[in-house]
Amino acid sequence: MIRCPVAYLSRSLSVSAAHRLCSSHLTEEENISLYGKCYNPNGHGHNYTVEVTVKGKVDPSTGMVMDLQELKKAMDVAVTAQLDHKNIDLDVPYFRDQRIVSTTENVTVFIWKEMTKSLGSNKHLLYKVVVWETDKNKFTYKGEEEI
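Residues numbered from 1 in each chain as written. Predicted model: local features only at pLDDT ≥ 70, side-chain atom pairs only at ≥ 80, totals over all residues. Heavy atoms only, no water.

> Quick one: what's the story with the sheet that holds strand β1 (residues 6-19), residue by residue and with numbers?
Spatial strand order, β3-β1-β2-β4-β5: five strands in an open sheet with mixed pairing. Each having just a single partner strand, β3 (86-87) and β5 (138-141) make up the two edges of the open sheet. Bridge count between strand β2 (residues 44-57) and strand β4 (residues 126-132): six bridges; the pairing is antiparallel. When the bridges of β4 are listed, E51 appears paired with V130. Sheet strands touched by helix α2 (residues 68-83): β1, β2 and β3. Its angle to β1, the strand with the most contacts, is close to 20 degrees. Helix α5 (residues 104-119) rests against β2, β4 and β5 of the sheet, and its axis sits at about 140 degrees to β4. (Pairing = 2+ DSSP bridges. Helix = DSSP H or I, 4+ residues; strand = E, 2+ residues; numbered from the N terminus. Contact = heavy atoms within 4.5 Å. Axes fitted to C-alpha atoms, helices over the stretch in contact; angles between N-to-C directions.)

> Let's hear about the packing of α2 against α5: which residues, and what values?
For any two helices packed against each other, the geometry comes down to the angle between their axes and how far apart the axes lie. Two numbers describe how α2 lies on α5: the axes approach to 9 Å, and their chain directions differ by 135 degrees. When the interaxial angle is binned, α2 and α5 end up oblique. In this structure, α2 meets α5 at a crossing whose hand is right-handed. From α2, L71, K73, A74, M75, V77, A78, V79, Q82 and L83 reach across to α5, where they touch V107, F110, I111, E114, M115, S118 and L119. Its residues assigned to classes, the contact of α2 with α5 shows twelve nonpolar, two polar and two charged. (Parallel < 35°, antiparallel > 145°, perpendicular 65-115°, else oblique. Left-handed = near helix turned anticlockwise from the far one by under 90°. Nonpolar A, V, L, I, M, F, W, Y, C, P; charged D, E, K, R; others polar.)

So, in C-alpha cells, the structure goes:
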C-alpha cells in the first residue's frame, strides 16, 4: 500500500468592508451597551485579512494538494467579489436578508459557506477559515456546528 503524505495549503487575501453591529433581538440600550462604538448608526470599517486553508493528500502525479490557481479563483468568488469595498449589512444578502449580526465570527462562517460553494468538487478539502479583524483579533471556523 502506497501512503500519501497529507499537507495543508493556505492562501490569504485582504478585503476592506464596513458594517454596523446591531442585533434585532436586542433593545437599543442593549445594543449600545454590548456593541459600544461599533453600534454607530453610520457603521465603521475594517481591513480584514482572510486566510483559507485546505488539507489533503499530496497527489503523487502533481505534487499538490490542489491547484493554487483554483484556490485563488475560489477565494476571489467567495470572498473578494462579495465583501471587498462593501457594506456587509447592506450589500451582502446573507446578512441583510437573514438579519444575521455582522460580527467577525459570523463573517468567518459566511466565508466558509461561500468557499464550500466556490470550491465545487474540492469542497471536501476545506480545512479552516481564519479572519483577522485587526492585528490583535482573529477568528477561526472549521465547519463545526453545535447541536
